[in-house]
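Close look at the chain arrangement
Each chain is listed here by its residues.
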Amino acid sequence: MNILVCVKQVPDTTEIRIDPETNRLIRDGVPSIVNPFDGYALEMAARIKDERDDVKIVVVSMGPEQAKEALKNCLAVGGDAAYLISGRKFGGSDTLATSYILSRGIAKIEETEGKFDAIFCGKQAIDGDTAQVGPELAEHLGLPQVTYGLTAEIVDDEIQITRETEDGQEILAMDFPCLVTATKPNFDPRLPKIKDKLAARKKEITVLSEDDLDCDFSLCGLGGSPTKVKKTFVPPVKQGGMKIEAETGEEAAQKLAELLDKDNVL
């Protein structure tokens, strides 16, 4: 069984600050991490691998050269091979362009690794929070999909996904090939062992550039992105409220009611 896990290297949002003058993100000195939801997707694949001897996990990321660090971390916790899609023509891509480029990258990777039975993605990236790339990728590839997956299990010739819903959980089944997006389960992803981290450092990461992919470049990068971010800013903190002085709770309530009635709130 071939499983592909899509991951993204993101800035650690707990360390991000906003420049008050420019309203831009200050990325200098901010550490990069594997997107946590992608970590859950990788753990979902690794748990299937724990139960079966025929599972191969391939990890792919799109980004600059430094994204290799995220891929190395994934290789240390269950990944067998890793690919980085990187090129100047891909820079500035929005979610639609990113999902298109990933779909073309996956087609290229399958020439070497074989067809993928399942593709796992995190439900969203913590630096964008759009939750769009996974479903868009499924559409580009023509695959059935289940979103907000908590766990995955192979039963006979199908995959069963325990899925988070607003009311609780539900179990859905799909035929292969398919795509699943993962959300946070009630357990943490495994941590790499020292020997696995050392072994991952020695593994080669294959880089796929613009020249390697059969892409329509009018659909890539900033020019091929239908959405544009015009401005990022921190909403101003509103100063408001009032203090009601009263001897008793009843008196305070009466004064509050009078103020609300005066402003036509009541």
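All values derive from a computational prediction rather than experimental measurement. (Residues numbered from 1 in each chain as written. Predicted model: local features only at pLDDT ≥ 70, side-chain atom pairs only at ≥ 80, totals over all residues. Heavy atoms only, no water.)

1. Re the pairing of strand β7 (residues 81–85)
Taking burial as the measure, the five residues of β7 include five buried ones, the bulk of the element. Side chains Ala 81, Tyr 83 and Ile 85 project from β7 onto one buried face, and the interleaved Ala 82 and Leu 84 project onto a second face that is buried too. Note that strand β6 (residues 56–62) and β7 share five bridges and pair parallel. By the bridge assignment, Val 58 is partnered in β7 with Ala 81. (Buried < 20%, exposed > 50% of the residue type's maximum accessible area, 1.4 Å probe, protein only. Helix = DSSP H or I, 4+ residues; strand = E, 2+ residues; numbered from the N terminus. Pairing = 2+ DSSP bridges.)

2. Description of unusual backbone geometry
Among all residues except glycine, the phi angle is most often negative; among peptide bonds, the trans geometry is most common. Put simply, Phe 176 and Pro 177 share a cis peptide bond, and its omega is -5°. Note on placement: Pro 177 falls in the loop between β11 (168–175) and β12 (178–182). Within the chain, Asp 129 stands out as a residue other than glycine whose phi angle is a positive 55°. Tracing the sequence through the fold places Asp 129 in the loop between β8 (118–122) and α4 (133–141).

3. Structural notes on the packing of aromatic side chains
Overall, the coordinates contain two aromatic pairs when judged by the stated rule. Aromatic pair Phe 37 and Tyr 40: ring centres 5.7 Å apart, planes at 80°, arrangement edge-to-face. A residue pair is termed a helical-turn pair when its members lie 3 or 4 positions apart in one helix, as Phe 37 and Tyr 40 do in helix α1 (residues 36–51) at three residues. Each member of the pair, Phe 37 together with Tyr 40, is buried. A centroid spacing of 6.4 Å and a plane angle of 25° characterise the contact between Phe 90 and Phe 217, whose relative ring orientation is stacked. Here Phe 90 is found in the loop between β7 and α3 (95–113), whereas its partner Phe 217 is found in the loop between β13 (205–208) and α6 (249–262), with 127 residues between them in sequence. Its guanidinium or amino end placed over the ring of Phe 187, Arg 47 lies 3.6 Å from that ring's centre, counting from NZ or CZ. Directly above the aromatic system of Phe 217 lies the positively charged group of Lys 89, at a separation of 4.5 Å from the ring centroid. (Phe/Tyr/Trp six-rings, centres within 6.5 Å; stacked < 30°, edge-to-face > 60°. Lys NZ or Arg CZ within 6 Å of the ring centre and 35° of its normal.)

4. What to know about the domain arrangement of the protein chain
With domains assigned, the protein chain is organised as domain 1 (2–219) and domain 2 (236–265). Taking the mean C-alpha position of each, domain 1 and domain 2 sit 51 Å from one another. (Domains from an automatic or database assignment.)

5. Considering the pattern of salt bridges
If you walk through the whole model with that rule in mind, you get 16 salt bridges. With its nearest N and O atoms 3.2 Å apart, the salt bridge here joins Asp 127 to Lys 8. Highlighted residues: Asp 127 in the loop between β8 and α4 and Lys 8 in the loop between β1 (2–7) and β2 (9–11), separated in sequence by 119 residues. In this structure Asp 127 comes out as partly exposed when scored by relative accessible area, which is 33%. A residue is classified by how much of its surface remains accessible, and Lys 8, at 34% relative accessible area, is partly exposed. The partner of Arg 47 in a salt bridge is Glu 43, and the shortest N-O contact between them spans 2.8 Å. On the criterion of helical spacing, the pair formed by Arg 47 and Glu 43 is a turn pair, its members being four residues apart in helix α1. The class for Glu 43 is buried, based on a relative accessible area of 6%. Three or more residues joined by partner-sharing salt bridges are found here, namely Glu 43, Arg 47, Asp 50 and Arg 190. (Salt bridge = Lys/Arg side-chain N within 4 Å of Asp/Glu carboxyl O.)

6. Some points on α4
Taken together, the buried positions of α4 are occupied by Gly 134, Glu 136, Leu 137 and Ala 138. Considering only its buried residues, α4 is in contact with β1, α3, β8, β9 (145–155) and β12. The positive-phi residue at the C-terminal boundary of α4 is Gly 142, with phi of around 70°. (Contact = heavy atoms within 4.5 Å.)

7. Thoughts on the environment of Ala 199
Here Ala 199 is to be found in helix α5 (residues 194–202). Exposure remark for Ala 199: the relative accessible area of 37% places this residue in the partly exposed category. Residues Ala 199 and Ala 76, 123 residues apart in the sequence, show an inter-C-alpha distance of 7.3 Å.

8. Here's the deal with the packing of α3 against α4
One way to put it is that α3 packs onto α4 with a least axis distance of 8 Å and a crossing angle of 50°. Here α3 is positioned oblique relative to α4, judged by the angle of their axes. Judged by the twist between their axes, the crossing of α3 over α4 is right-handed. Residue-level contacts link Thr 95, Leu 96, Thr 98, Ser 99, Tyr 100, Leu 102, Ser 103 and Ile 106 of α3 to Val 133, Glu 136, Leu 137, His 140 and Leu 141 of α4. (Axes fitted to C-alpha atoms, helices over the stretch in contact; angles between N-to-C directions. Parallel < 35°, antiparallel > 145°, perpendicular 65-115°, else oblique. Left-handed = near helix turned anticlockwise from the far one by under 90°.)

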